[in-house]
Structure formats: C-alpha cells, structure tokens
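What the coordinates show
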Amino acid sequence: MAERVMDLEGRHALVTGGGTGVGAAIALALADAGAHVTVTGRHLDKLEAFAADRDAISCVAGDVTDPASVREMFAQATAIAGAPQIVVANAGAAMSKPFTRMDEDDLRSMLDVNLIGVFTTWRAALDPMLATGWGRLIVIASVASLRGSPYISAYCASKHGVLGMTRALALEVARKGITVNAVCPSYVATPMTDRTIQNIVEKTGKSQEEAENILKAGNPQHRLIEPEEVADTVRFLCTDAAMSINGQAITLSGGEP
C-alpha cells in the first residue's frame, strides 16, 4: 500500500472569503500543513492585512457572485503558484427574515453567494484538477444544509442546494482522484455570528448573553463552534487519509440532530 501523505507540502490551496473568521482559520491551517494558500475576497486591503508577514499566503481580490471576477481570480492565483489543487468555497452570507416579509431579491441574494458562488468557484477549479487527476473541493456549508430553521428560509434553501450539488458532483468525479465534501458547522464564533447576536439584541431587547444563549441552545454541548475546529476538519479532508471521504456532509454541531 502506498504511503499516506498527511501534510500538504507542494499543494496550492485557494480559500474564498479567506481574510477573516473561518476562512482565515482555514488558510492558516492549510499553510501550517505545508500548502501555499491564496486567500480571496472582495476587499484586497483586508486580505493583505491578514496575510502580512506570512510568506505562504498570497492575496487575490475576487467576487464569487461575478463569474468574470472568479475567472480572473483563478488566473491570478494560478500565475502565483500554479492551478489550485485544493479549493475551499468558504465565502457566504446569511440573512434572517420572516417568510412573509421576504421578496424575490432576498432569496436571490442568498442563492447568488451561497449556491451560485460555490458553483462558479468550483467550475473554475475543476478542469485543472481533472487534467492532473487530483483535487479537493470543499464547501463550508451549515447544519442549515440538513434541516430547516425558522426565519432563515432563504439561507436554508441556499445551503440545501449546495449540499445537493456537493453530493451530485462527488459522484461525477469519484473515479478521477477528486473528492467533494461539505463541512456543516452549527453557529461558529465569528464576526458573522456576532452580527446575528446583535440583530437578536436589537429586535428582542434581550441582553448580549441571552441572545448568545439562544444560538447555543441548539448545540447539545451548549457552545459555539470555534473557527479552528472547522479549519482542522478541512485540513484533514485534504490529506490522503481522507481519500475515501466523498460526497459527505460532515457536521460540527456537538451532536445536534
């Protein structure tokens, strides 16, 4: 049996939304494992501030909702370190609104980032992976990919969609040296979750602690997931030890059904 490679030396990883929160933690974990990492996002200044003094991390501006921008993003990344062999679709957005107050634009805004943005990113990444016979496509999804929750129907729809795409694409490439997986955390301790907590405070009058406890309540461990937990899961999926993990929704939720 061939020796399993547990580090990522010589690999090029691209992480969308890579300058803050979960994306930043993933970028650091992959760089620590030996990969060269390109982080992307709409705000180059924030990416550059994150990557400063980190030789293994490069920055490229890009908007996953714009196919032309994504193509240029991959062209620039490829010029830096070759075609990305690991692509983590982390860029995402969230919105909370009662269904009766939603309109078509609300739904489209979630689909554009959370579903079509992943499609556009993976579509740009896949051909070089097929040519070389190795690749890892990973999306940072959510437990909302697996169940419904009130007031986030547009978000749930987008995340359910991306999980379906993950499972379908995984079967298409299963014999081509490529795996496709979704990492599905419950609420993570990030600026996005901080905004959700603040939204609860403003709309309900509850305290910061009470609002945070509402989010923790769905996790049997009664805690928020740390970004590094998501990053460590992504890192493992990129190794040879995970070569048989394909088309999966890996939940990080403390046992939440």
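The following paragraphs examine the structure supplied in this document. (Residues numbered from 1 in each chain as written. Predicted model: local features only at pLDDT ≥ 70, side-chain atom pairs only at ≥ 80, totals over all residues. Heavy atoms only, no water.)

Looking only at helices and strands, the protein chain has 8 helices and 7 strands in total. The C-alpha radius of gyration of the protein chain comes to 18 Å, within 12% of the 18 Å expected for a compact globule of 257 residues. Taken over the C-alpha atoms alone, the protein chain extends approximately 55 × 40 × 35 Å along its principal axes. Counting all 257 residues of the protein chain, 46% fall into the buried class. Within the protein chain, contacts between residues separated by at least 24 positions form 67% of all contacts whose residues are at least 6 apart in sequence. Here the protein chain has roughly 12,400 Å² of accessible surface; of this, 52% comes from carbon and sulfur atoms. Charge-centre separation for the protein chain: the mean point of 22 positive side chains lies 6 Å from the mean point of 29 negative side chains. (Helix = DSSP H or I, 4+ residues; strand = E, 2+ residues; numbered from the N terminus. Rg over C-alpha atoms; globule rule 2.2 N^0.38 Å. Buried < 20%, exposed > 50% of the residue type's maximum accessible area, 1.4 Å probe, protein only. Contact = heavy atoms within 4.5 Å. Areas by Shrake-Rupley, 256 points an atom, 1.4 Å probe, with all protein chains shown as cover. Lys, Arg positive; Asp, Glu negative; His and termini not counted. Charge placed at Lys NZ, Arg CZ, Asp CG, Glu CD.)

With that settled, the discussion passes to helix α3 (residues 67-81). An ideal rise of 1.5 Å per residue puts 21 Å on 15 residues; α3 measures up with 21 Å between its terminal C-alpha atoms. For α3, the full list of buried residues reads Ser69, Val70, Met73, Phe74 and Ala77. Seen end-on, α3 carries its buried residues on one side only, within an arc spanning 135°. Away from its buried face, by an angle of more than 90 degrees, α3 presents the exposed residues Arg71 and Ala79. Looking at the buried positions of α3, the neighbouring elements they touch are β1 (12-16), β2 (36-41), β3 (57-61), β4 (86-89) and α4 (104-132). One side-chain oxygen of the residue at the start of α3 lies 3.1 Å from the amide nitrogen of alanine 68, identifying that residue as aspartate 66. In the segment just after α3, glycine 82 is the residue with positive phi, at about 85°. (Expected span 1.5 Å × (residues − 1). Arc of directions from axis to C-beta. Polar contact = N/O pair within 3.5 Å; in protein donor to acceptor, adjacent residues only side chain to side chain.)

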